[in-house]
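Structure assessment
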Amino acid sequence: MPLIKLNATQGLTGTLPAVSGANLTGISADYVHIKTQTVTSGVASVNFVNGTSGVVFDGTYKRYMVFVQDLITADDNSAQTRVRISSNGGSSYFTSGYLSSGYRAYGKDSGGGDDRQFQNNSFDCININAKTSLSGGGINGVFYLTDPTVNRDQQFWSDFGAHDNEWSIRQMSSGVYTTQTTINAFQIVCITSNIAGGVFTLYGLKSS
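Below is a short write-up of the structure. (Residues numbered from 1 in each chain as written. Predicted model: local features only at pLDDT ≥ 70, side-chain atom pairs only at ≥ 80, totals over all residues. Heavy atoms only, no water.)

The helix and strand inventory of the chain stands at 0 helices and 12 strands. Shown N-terminal to C-terminal, the secondary structure of the chain runs as helices and strands in the order β-β-β-β-β-β-β-β-β-β-β-β. Scored against the burial criterion, the 208 residues of the chain give a buried share of 39%. Put simply, 74% of the contacts in the chain that link residues at least 6 apart link residues at least 24 apart. As displayed, the chain has an accessible area near 11100 Å², and 49% of this comes from carbon and sulfur atoms. (Helix = DSSP H or I, 4+ residues; strand = E, 2+ residues; numbered from the N terminus. Buried < 20%, exposed > 50% of the residue type's maximum accessible area, 1.4 Å probe, protein only. Contact = heavy atoms within 4.5 Å. Areas by Shrake-Rupley, 256 points an atom, 1.4 Å probe, with all protein chains shown as cover.)

Shown next, in the form of structure tokens:
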């Protein structure tokens, strides 16, 4: 294909004009950003409730993904990071009836090991001795939830990593809520402490 040289006869000289993103069409992505919540001081939980503060958590998407970035806790040695679901718009969250299991591997200079994690009061993301500042280690990871409007055993799976000054830890988990239900909210909690910081971003996965 021959090269086309643009010059003053085409009305273009010097610096090319900026391109506005509003003029870009036909560009698609599989994941759609829905909501980001940033925590900078202690909260008991981070909640995503359908229809509240711009949150979409309904049948619009068939799968939802949440990125957790730089989560820290208010107290050391207390970051049992979990997810709980709700069927009443976040008025309450289920605290039993889960079947959640995870594989955790950990290591440091002198060695390492692995174990299994089991929970029935929530979906289990990671168990770690977290720190109160990022200099001491934070938690990062991602978890997924299936279409919340389908009446079934709701499914969850996750992959999380963290460092707590001594150990490097990774935990992969999956689980179900063992009673068939639809849901419209979920929350992220650290069971024995407040969440002191972190960025929590919800995405929806487009249907094919």
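In this section: unusual backbone geometry. One non-glycine residue, S53, adopts positive backbone phi at about 55 degrees. Relative to the elements of secondary structure, S53 occurs in the loop between strand 2 (45–49) and strand 3 (63–73). What makes S53 exposed here is its relative accessible area of 56%. Even without being glycine, D70 reaches a positive phi, approximately 55 degrees. In this fold, D70 is placed in strand 3.

So, about the nonpolar core. Residues F143, F186, I188 and F200 are the most contacted members of the largest nonpolar core, which totals 33 residues. I188 has contacts with S45, V46, F48, V66, T81, R82, V83, F143, I195 and F200, leaving out every residue within four places of it along the chain. (Core = buried A, V, L, I, M, F, W, Y, C linked by side-chain atoms within 4.5 Å.)

Quick look at the pattern of salt bridges now. The full count for this structure, using the stated rule, is 5 salt bridges. A salt bridge links D147 to K62; the nearest nitrogen and oxygen atoms lie 3.3 Å apart. On the criterion of sequence distance, the pair formed by D147 in the loop between strand 8 (139–146) and strand 9 (155–163) and K62 in the loop between strand 2 and strand 3 is long-range, its members being 85 residues apart. Since its relative accessible area comes to 5%, D147 is described here as buried. The exposure class assigned to K62 is partly exposed, which follows from its relative accessible area of 47%. For the salt bridge of D159 with R170, the shortest nitrogen-to-oxygen distance reads 2.6 Å. Of this pair, D159 sits in strand 9 while R170 sits in strand 10 (residues 168–177), and the two are 11 residues apart along the sequence. Taking the relative accessible area as the measure of exposure, D159 reaches 27% and is therefore partly exposed. (Salt bridge = Lys/Arg side-chain N within 4 Å of Asp/Glu carboxyl O.)

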